[in-house]
Structure formats: structure tokens, C-alpha cells
Amino acid sequence: GKSTALIAAARAEQLGGRRIVVTSTGGQAADRLAGELRAAGVSAEGYSTKALEASVEHGLVRLGPDTSVIHEECALAATREQNFLFWACQEGGARLVEVGDPEQNNPVGAGGLMGRLERLATDQDAFVALERIVRAQAESDREMQRALRSGDTAAAVENLERRGRVLVASTRAEAAQAAAELWDRLREEADGALVLTEAGNEQVDELNAQLQAIRFDAGELGADRLEVPGRPYGLRRSDLVVVRAQFEHAGVGVVRNGERGTVGAVEGGRALLDFGAGRRALLDADGIREADVRLAYAQHSNPAQGATTGHAIDLFGALSTRR
């Protein structure tokens with residue numbers, strides 16, 4: 001519900017004559033929120049934290065006294081990112097609004113200050129907590145999420161077990177197979193299904209290859225295939241993909257880390273990636289490697305943060321945390 005609440009706050013900021021800038025560790029999260037604000041009538045610009053830092057340094061963006069910077073998913077920010085935002089907003093006189101949840105994600109880089117920020121803000125009566133869960137539609141799911149967030153993991157797991165939502169396997173391979181079969185059953189339902197895992201990149205690649213094969217066998221993907229360097233799969237028409245390294249492409253502009261799209265066509269050793277709103281990029285194998293394009297049927301939880309899906313299939317093991 002953070003985004004919904006922020007729409008109201010940003011409207012108030014804009015009515016007060018303020019300019020809205022949205023930033024986040026991942027450009028996709030920033031663009032998503034900025035897009036939601038624009039759809040609600042709020043003029044907002046979205047930047048990854050790295051892109052915002054470069055823009056400020058080169059004088060392309062001014063964070064002045066009339067600017068409100070919304071730092072989305074700030075629990076993901078490393079200490080260095082957070083330090084830049086503190087410095088830039090203090091230097092220019094901008095207002096900084098930190099939005100995130102230290103119980104939801106770990107920072108993706110060294111350090112991370114969200115827990116301390118929360119305590120400081122609470123001490124100064126500057127902290128607002130959203131307690132009503134709106135993303136989960138079923139009350140049983142909301143009950144499970146409340147228990148998990150409060151630290152009562154046993155109650156959360158009991159809730160899931162009671163509803164037949166926990167599948168136990170003796171090996172990781174068996175668990176991955178169960179997740180793939182479940183994904184195949186649920187993916188055609190409203191808002192689809194997404195597999196989340198804390199496994200290593202190699203296991204994620206293998207799982208994506210397995211899920212892609214399900215779609216190929218169902219006749220949903222094209223016959224031509226463009227090999228992806230270093231991955232156990234190639235790209236086919238209609239594949240769902242994610243970009244993991246920001247790149248710039250003529251006619252498309254900047255494509256952010258974490259941005260998802262589909263493969264529109266594969267021919268002549270190149271793939272046409274469609275990111276929606278008429279934004280299409282034609283890349284060869286070298287371009288695919290430089291943009292670090294991967295299949296997006298299964299993802300790590302941090303890159304998928306902010307995604308909305310009908311069913312989240314969490315493939316976890318001994319190294320997984322409550323987050």
C-alpha cells in the first residue's frame with residue numbers, strides 16, 4: 001500500500017508547488033512509481049540512484065528547496081547510495097522522503113541504514129507506518145503476511161500448511177520440479193505466476209530454462225532461438241525477459257536495470273525486445289550480453305521487488321531468511 005499512500009502525498013506536495021523526483025536502487029522501481037504518480041496526475045521524474053547521482057553531478061538535475069525526493073524501496077540502498085542522497089538533499093535544500101521496509105529486504109550493497117533511519121524518524125515524530133495490507137486479496141493471505149512480518153514465522157507457516165500451500169521436497173531438484181509444475185498450473189490465471197528463489201544464479205538459470213521449455217512444448221514460443229552467452233537457454237519469440245545491466249539504445253533511450261519486457265521476434269542472429277509503449281530494441285548476441293538480458297520466469301526476490309503477480313511461488317531452502 002506504500003504506492004497508494006504516496007499518490008495522495010505527492011498530490012499534496014504538487015499542490016504546494018513542489019517538484020517530485022522518484023529514485024530507487026533499481027531504475028525499474030523508480031520508473032514504476034513515477035509512472036503511477038503520472039497516471040494520477042502528478043508530474044514526476046524517475047531515476048535509479050546511480051543515474052540521479054550522475055545527473056546531479058553534471059548539473060542536469062537540481063535538487064532545490066522546491067523539490068521533494070521520494071526514495072522508493074530505500075531498504076535496498078547501500079550506505080554509499082544513502083549518503084549521496086543525504087548530501088545532495090542537504091546541499092540543495094530538498095525534502096527527502098524515505099520509503100521502505102527493513103523487514104522486507106536486505107540492502108543490495110555494503111551497509112544499509114533503513115533500520116537506523118526508522119528509529120531516528122520515530123524519535124522525531126517523523127515516522128509513518130502503514131499497517132493495513134492491501135496487496136493480498138484474501139484475508140487468509142493477509143493474516144499470513146501479518147504473522148510473517150511480526151516475526152511469528154511458525155504461525156505464518158501453520159497458516160500456509162493449513163491451506164495446503166506448503167510443499168516439502170527432499171532435494172533441491174525435487175523442489176524445483178514441484179515449483180515448475182505449480183507454475184505451469186497457475187500461470188494462466190489472473191495476473192499470472194512468478195517463481196522467487198534465493199538460489200544461486202546457476203540454479204536460477206536452470207529453473208528459467210525448465211520453465212521456458214514448458215512454454216515451448218505448449219507451442220507458445222517461436223522456433224528460432226538466439227543463444228544467450230553464459231546461460232543454459234536461448235531467447236525465443238514471446239519469451240519474458242529482464243534486463244540486469246542498464247543500457248542505452250537509439251530510439252528507445254535508457255533501459256533500466258530490472259526492466260522487464262518480451263521478445264517480439266528472433267531473426268538473423270538478433271532479438272527484438274519489446275518494453276511496451278512503443279519502446280523496442282534490436283540486439284545481437286553482444287548486445288544481449290552487455291545488457292545482461294535473462295529470462296524472467298524465475299527471479300531472485302530483490303530484482304523482482306515491486307512486481308505484482310497473482311501467485312508467488314517461493315522456492316526456499318536452508319539459506320533463505322524471513323525476508
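Residues numbered from 1 in each chain as written. Predicted model: local features only at pLDDT ≥ 70, side-chain atom pairs only at ≥ 80, totals over all residues. Heavy atoms only, no water.

### Concerning the pairing of strand E2 (residues 44-48)
Each regular strand carries side chains that alternate between the two faces of the sheet.
Here is step 1 of the chain: Of all the five residues making up E2, four are buried; the element is thus mostly covered by neighbouring parts of the structure.
Here is step 2 of the chain: You can see the chain leave strand E1 (residues 19-24), run along helix H2 (residues 27-39) and come back into E2, and the turn it takes is right-handed. (Buried < 20%, exposed > 50% of the residue type's maximum accessible area, 1.4 Å probe, protein only. Helix = DSSP H or I, 4+ residues; strand = E, 2+ residues; numbered from the N terminus. Right-handed = clockwise from strand over helix to strand, strands pointing away.)

### Observations concerning the sheet that holds E2
Here is step 1 of the chain: What the four strands build is an open sheet, ordered E2-E1-E3-E4; its pairing is parallel. With one partner strand each, in any of the chains shown, E2 and strand E4 (95-98) form the two edges of the open sheet. The mean angle between the axes of side-by-side strands here comes to 25°, regardless of whether they run parallel or antiparallel. (Pairing = 2+ DSSP bridges. Axes fitted to C-alpha atoms, helices over the stretch in contact; angles between N-to-C directions.)

### Here's the deal with the layout of surface pockets
Here is step 1 of the chain: In this structure, the second largest pocket spans a volume of roughly 540 Å³.
Here is step 2 of the chain: Forming the walls of the second largest pocket are 22 residues, and the residues nearest its centre are Thr 25, Gly 26, Gly 27, Val 108 and Asn 257.
Here is step 3 of the chain: The biggest single contributor to the lining of the second largest pocket is helix H3 (residues 49-57), with four residues. (1 Å grid on protein atoms, 1.4 Å probe; cavity = no way out; pocket = protein on both sides within 12 Å on 5 of 7 lines; lining within 4 Å. Points joined across faces, edges and corners; volume = space filled by probe spheres on them.)

### Focus on the packing of H3 against helix H4 (residues 79-92)
Here is step 1 of the chain: Where H3 contacts H4, the two axes come as close as 11 Å, and the packing angle between them is 40°. Classified by the interaxial angle, the pair formed by H3 and H4 is oblique. Note on packing geometry: the crossing formed by H3 with H4 is left-handed. On H4, the residues that touch Thr 49, Leu 52, Glu 53 and Val 56 of H3 are Arg 80, Glu 81, Phe 84 and Leu 85.
Here is step 2 of the chain: Within the contact of H3 with H4, the residues separate by chemical class into four nonpolar, one polar and three charged. (Parallel < 35°, antiparallel > 145°, perpendicular 65-115°, else oblique. Left-handed = near helix turned anticlockwise from the far one by under 90°. Contact = heavy atoms within 4.5 Å. Nonpolar A, V, L, I, M, F, W, Y, C, P; charged D, E, K, R; others polar.)

### Let's talk about unusual backbone geometry
Here is step 1 of the chain: The phi angle at Glu 73 is positive, at roughly 50°, despite the residue not being glycine.
Here is step 2 of the chain: Note that Glu 73 resides in the loop between strand E3 (67-71) and H4.
Here is step 3 of the chain: Overall, Glu 73 belongs to the buried group, its relative accessible area being 5%.
Here is step 4 of the chain: Of note in the backbone geometry, Asp 292 takes a positive phi value of approximately 50° without being a glycine.
Here is step 5 of the chain: Along the chain, Asp 292 turns up in the loop between helix H10 (285-290) and strand E14 (293-295).

### Here's the deal with the pattern of salt bridges
Here is step 1 of the chain: Inspection of every chain in the model, using the stated rule, returns 24 salt bridges.
Here is step 2 of the chain: The residue Asp 66 makes a salt bridge to Arg 62 at a minimum N-O spacing of 3.3 Å.
Here is step 3 of the chain: Under the relative-accessibility criterion, Asp 66 is labelled partly exposed at 31%.
Here is step 4 of the chain: Notably, a salt bridge pairs Asp 184 with Arg 187, separated by 2.9 Å at the nearest N-O pair.
Here is step 5 of the chain: Arg 187 sits in the buried class, given a relative accessible area of 15%.
Here is step 6 of the chain: Counted as one network, the salt bridges with shared partners bring together Asp 184, Arg 187, Glu 188, Arg 215 and Glu 220. (Salt bridge = Lys/Arg side-chain N within 4 Å of Asp/Glu carboxyl O.)

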